[in-house]
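# Fold and contact review
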Amino acid sequence: PRRFWASVEPYCADLTNEEVRVLEELLKPPEDEAEHYKIPPLGKHYSQRWAQEDLLEEQKDGARAAAAADKKKGVLGPLTELDTKDVDALLKKSEAQHEQPEDGCPFGPLTQRLLQALVEENIISPVEDSPIPEIAGKDSGADGAGTSPRSQNKPFSVPHTKSLEGRIKEELVAQGLLESEDRPAEDSEDEVLAELRKRQAELKALSAHNRAKKHELLRLAKEELHRQELRQRVRMADNEVMDAFRKIMAARQKKRTPTKKEKDQAWKTLKERESILKLLDG
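Here the structure is a predicted model, which means the values were calculated and not measured.

## Remarks on helix α3 (residues 46-69)
An ideal rise of 1.5 Å per residue puts 34 Å on 24 residues; α3 measures up with 34 Å between its terminal C-alpha atoms. Regarding α3, the residues found buried are Gln52, Leu55, Ala63 and Ala66.

Encoded structure:
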């Protein structure tokens with residue numbers, strides 16, 4: 001039994017002011033609370049990041065290969081790695097070269113990339129490799145009917161190239177193969193941002209619920225402290241009543257009548273005990 005009551009005592013012991021102070025400290029908002037509700041800015045697109053990583057990996061492989069080749073000769077040292085700014089500059093330079101081809105192609109960069117993908121997959125044949133029928137006759141070389149625009153060094157013109165570029169882009173965006181550039185990157189509604197806002201809303205609701213429970217627990221703790229004081233006063237009143245009862249019983253054993261002072265003291269202690277009990281019950 002002693003072991004059992006010793007294990008139960010922490011759950012039944014009286015509250016202390018230190019425990020109330022701990023509850024008050026828990027009610028203070030943490031310093032990093034605002035950090036949990038911040039939405040980080042949208043980072044660089046994965047295609048650009050992967051391109052940078054691939055370029056850096058190629059630079060590392062090239063540096064290792066050059067270092068191994070020139071180790072015996074000692075002519076060149078190991079190549080230094082390009083930093084992120086150099087990689088961005090190379091990527092922009094490559095994109096600028098694709099956007100402004102030297103052959104004067106009228107198609108836009110998106111159309112060219114799409115056609116290049118088809119050429120690489122051998123779905124369509126390049127213009128240079130396709131056989132062009134030549135018109136027999138003496139005037140065939142004069143009017144240039146059997147030659148291609150590239151052989152004549154003339155700009156190859158196709159009407160409505162801008163509208164074609166726009167329609168191809170709209171179709172690729174509609175099919176989900178290309179991201180739209182019209183909407184801002186930071187305000188774009190994607191699955192990750194929606195999930196972040198959903199979890200943040202749940203965190204706010206849970207924090208508000210926990211804060212309300214802590215306020216309720218603090219209120220109950222303060223009330224319990226007041227009740228503990230009243231119970232302590234009741235125990236003191238019980239001891240005073242027992243002392244007055246012992247005095248009266250001792251007088252009766254001596255076969256004498258209790259004095260008026262002893263009777264008044266007994267009634268006073270009883271009334272005080274009743275008033276404390278009323279406060280405790282209320």
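## Description of the pattern of salt bridges
For the structure on display, the rule yields 15 salt bridges. Lysine 28 is paired through a salt bridge with glutamate 25; the nearest N and O atoms lie 3.3 Å apart. By sharing partners, the salt bridges in this structure join Glu195, Arg199 and Glu202 into a single network.

## Let's talk about the UniProt feature "coiled-coil region" (unreviewed entry) in the protein chain
UniProt marks residues 220-247 with the feature "coiled-coil region" (unreviewed entry), using the numbering shown here. Along residues 220-247 one finds 100% helix and 0% strand; the C-alpha atoms at either end are 40 Å apart.

## Things to note about a nonpolar patch on the surface
Taken together, the side chains of Ile39, Val192 and Leu196 define a hydrophobic patch exposed on the protein surface, amounting to about 230 Å² of accessible area. By the element assignment, leucine 196 lies in helix α8 (residues 191-253). According to the relative accessible area criterion, leucine 196 is partly exposed, its value standing at 32%.

## Overview of the packing of α8 against helix α9 (residues 260-281)
At their nearest, the axes of α8 and α9 sit 9 Å apart, and the two run at 155 degrees to each other. As judged from the angle between their axes, α8 and α9 are roughly antiparallel. The interaxial crossing formed by α8 with α9 has left-handed handedness. Residues Arg227, Leu230, Arg231, Arg233, Val234, Ala237, Asp238, Glu240, Val241, Ala244, Ile248 and Ala251 of α8 form the contact with α9, whose own contacting residues are Glu262, Ala266, Thr269, Leu270, Glu272, Arg273, Ile276, Leu277, Leu279 and Leu280. Of the residues in the contact of α8 with α9, the class split is 13 nonpolar, one polar and eight charged.

## With respect to the packing of aromatic side chains
Aromatic ring pairs: the centre-centre distance and the angle between the two ring planes describe each pair. In total, this model carries one aromatic pair according to the counting rule given. Aromatic side chains phenylalanine 4 and tryptophan 5 sit 5.1 Å apart centroid to centroid with 65 degrees between the ring planes, which places their arrangement in the edge-to-face category.

## Looking at the environment of tyrosine 37
Inspection of the secondary structure puts tyrosine 37 in the loop between α2 (17-27) and α3. On the basis of relative accessibility, which here comes to 23%, the residue tyrosine 37 falls in the partly exposed class. Sequence separation of tyrosine 37 and alanine 201 is 164 residues, and the distance between their C-alpha atoms is 8.9 Å. For tyrosine 37, the contacting residues outside a window of four places in its chain are Gln200, Leu203, Lys204 and Ser207.

The rules we used
Residues numbered from 1 in each chain as written. Predicted model: local features only at pLDDT ≥ 70, side-chain atom pairs only at ≥ 80, totals over all residues. Heavy atoms only, no water. Helix = DSSP H or I, 4+ residues; strand = E, 2+ residues; numbered from the N terminus. Expected span 1.5 Å × (residues − 1). Buried < 20%, exposed > 50% of the residue type's maximum accessible area, 1.4 Å probe, protein only. Salt bridge = Lys/Arg side-chain N within 4 Å of Asp/Glu carboxyl O. UniProt positions renumbered as here; feature names shortened; annotations may be inferred. Patch = residues over 30% accessible without salt bridge, like charges linked within 9 Å, V, L, I, M, F, W, Y side chains within 5 Å. Areas by Shrake-Rupley, 256 points an atom, 1.4 Å probe, with all protein chains shown as cover. Axes fitted to C-alpha atoms, helices over the stretch in contact; angles between N-to-C directions. Parallel < 35°, antiparallel > 145°, perpendicular 65-115°, else oblique. Left-handed = near helix turned anticlockwise from the far one by under 90°. Contact = heavy atoms within 4.5 Å. Nonpolar A, V, L, I, M, F, W, Y, C, P; charged D, E, K, R; others polar. Phe/Tyr/Trp six-rings, centres within 6.5 Å; stacked < 30°, edge-to-face > 60°.

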